[in-house]
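Remarks on the overall topology
So the chains spell out like this:
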Amino acid sequence: MRTRFTAALVAILVLAIAAPALADAHESQVTVVHGVPDLTVDVWVNGDPFIEGFEPDTITDEETLPEDTYEIEIYAAGSDPEEEDPAIADSVDLPAGVNASIVAHLDADGAPTLSVFVNDTDEIADGESRLTARHVAAAPATDVRANEDPLFEGVENGDEGTVDVPADTYAADVTLAGEDDAVIGPVDLTLEAGTHYLAYAVGSADDGNLDLLVQTIGGLAAAADADDADDAEDDPHSVPSGSGGLASDGGFAAWMALALAGGAALTVAGATRAVRQRN
């Protein structure tokens, strides 16, 4: 899977609204995912061109954007907007004070569309990880399995499921609902404690290009209680630790919704596609 994108997309959106990116109650954290296969695009925001040549299967870094409604038009790369219709055209409402993923993907009938998902950033219990599966592929309902046991069943296009599980390595795969043969995977996925993994099933079942893209949100482990903190302070052999810059370990890949946009991540030792490239 290719992992080329650029966070400039998000930066461009900021320019589009001509507002400073100051973290306050009127802003949200946004990740853009490009999940439309075989469609390299030019993106227009609020009637103006902003970026050219964006490729599929990419995810941006998490960025701060103001609450607003964005008019987005996505054209096949090199198209003349005065002569050709956009591949995707929609208004995207970005609410305030949330962590959101905006995804460009195929609907159940195979038409390009945009979806906005709000991500759960609640604390995760000690020793556990959070997994969200999102169906954004042109495919029938699917089942998501871990170690051949179903985690989510009958998930349809546009739907999602979330579960907290013990941090561990799992053999994960996706099947069409009620079937045994995997259409994605299996792949070994290592889920780390305190991290939320958002796995997007993208592509088309008919075209045989289904894929799994993964976004991660780290730094969600429940804070140690006061007694644990006191014990660590009193222990001369203890070593202080922190989250460093991992509070927003962005990974995405379902293409954007242009500055807003579904790896498989769950961080698989090598299967995770968390892209953080800036051109």
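In this text the structure is predicted, and so the values were computed from the model without any measurement.

Thoughts on the nonpolar core
Counting 22 residues, the largest nonpolar core has Val 43, Ile 74 and Leu 114 as the members making the most contacts within it. Of all the secondary-structure elements, those providing two or more residues to this core are β1 (27-34), β2 (41-45), β3 (48-54), β6 (68-76), β7 (88-94) and β8 (99-106). Broken down by element, this core gets its largest block of residues, four residues, from β8. The next biggest cluster of nonpolar side chains, apart from the first, holds 19 residues, and it includes Ala 133, Ala 139, Tyr 170 and Leu 210.

Some words on the environment of Val 41
As for its placement among the helices and strands, Val 41 is situated in strand β2. Residues Val 41 and Pro 86, 45 residues apart in the sequence, show an inter-C-alpha distance of 9.6 Å.

Here's the deal with the side chain of Ser 204
Tracing the backbone through its elements, the reader meets Ser 204 in the loop between β16 (196-202) and β17 (211-217). Given a relative accessible area of 7%, Ser 204 falls into the buried group. Here Ser 204 is in contact with Leu 106, Ala 138, Asn 209 and Leu 210, once residues within four sequence places are set aside.

Some thoughts on the sheet that holds β17
In space, the four strands of this open sheet follow the order β13-β10-β16-β17, with mixed pairing throughout. Two strands close off the open sheet at either side, each with one partner strand: β13 (160-166) and β17. Averaged over neighbouring strand pairs, the angle between their axes works out to 20 degrees when direction is ignored.

Considering the pattern of salt bridges
Summed over all chains, the structure comprises four salt bridges. The salt bridge partner of Asp 164 is Arg 130, with a shortest N-O separation of 2.7 Å. One end of the pair, Asp 164, is in strand β13; the other, Arg 130, is in strand β10 (residues 128-135), with 34 residues separating them in the sequence. Among the ionic pairs, Glu 160 bridges to Arg 134, the shortest N-O distance being 2.7 Å. Residue Glu 160 is found in strand β13, and its partner Arg 134 is found in strand β10; the two are separated by 26 residues along the sequence. Residue classification places Glu 160 among the partly exposed residues on the basis of a relative accessible area of 39%. Classification of Arg 134 as buried rests on a relative accessible area of 3%. One salt-bridge network, in which partners are shared between bridges, spans Asp 120, Arg 130 and Asp 164.

Regarding the packing of aromatic side chains
On inspection of all chains with the given rule, the structure shows one aromatic pair. Aromatic side chains Trp 44 and Tyr 75 sit 6.0 Å apart centroid to centroid with 65 degrees between the ring planes, which places their arrangement in the edge-to-face category. With Trp 44 in strand β2 and Tyr 75 in strand β6, this pair connects stretches of sequence that are 31 residues apart. Taking the relative accessible area as the measure of exposure, Tyr 75 reaches 3% and is therefore buried.

What counts, and at which threshold
Residues numbered from 1 in each chain as written. Predicted model: local features only at pLDDT ≥ 70, side-chain atom pairs only at ≥ 80, totals over all residues. Heavy atoms only, no water. Core = buried A, V, L, I, M, F, W, Y, C linked by side-chain atoms within 4.5 Å. Buried < 20%, exposed > 50% of the residue type's maximum accessible area, 1.4 Å probe, protein only. Helix = DSSP H or I, 4+ residues; strand = E, 2+ residues; numbered from the N terminus. Contact = heavy atoms within 4.5 Å. Pairing = 2+ DSSP bridges. Axes fitted to C-alpha atoms, helices over the stretch in contact; angles between N-to-C directions. Salt bridge = Lys/Arg side-chain N within 4 Å of Asp/Glu carboxyl O. Phe/Tyr/Trp six-rings, centres within 6.5 Å; stacked < 30°, edge-to-face > 60°.

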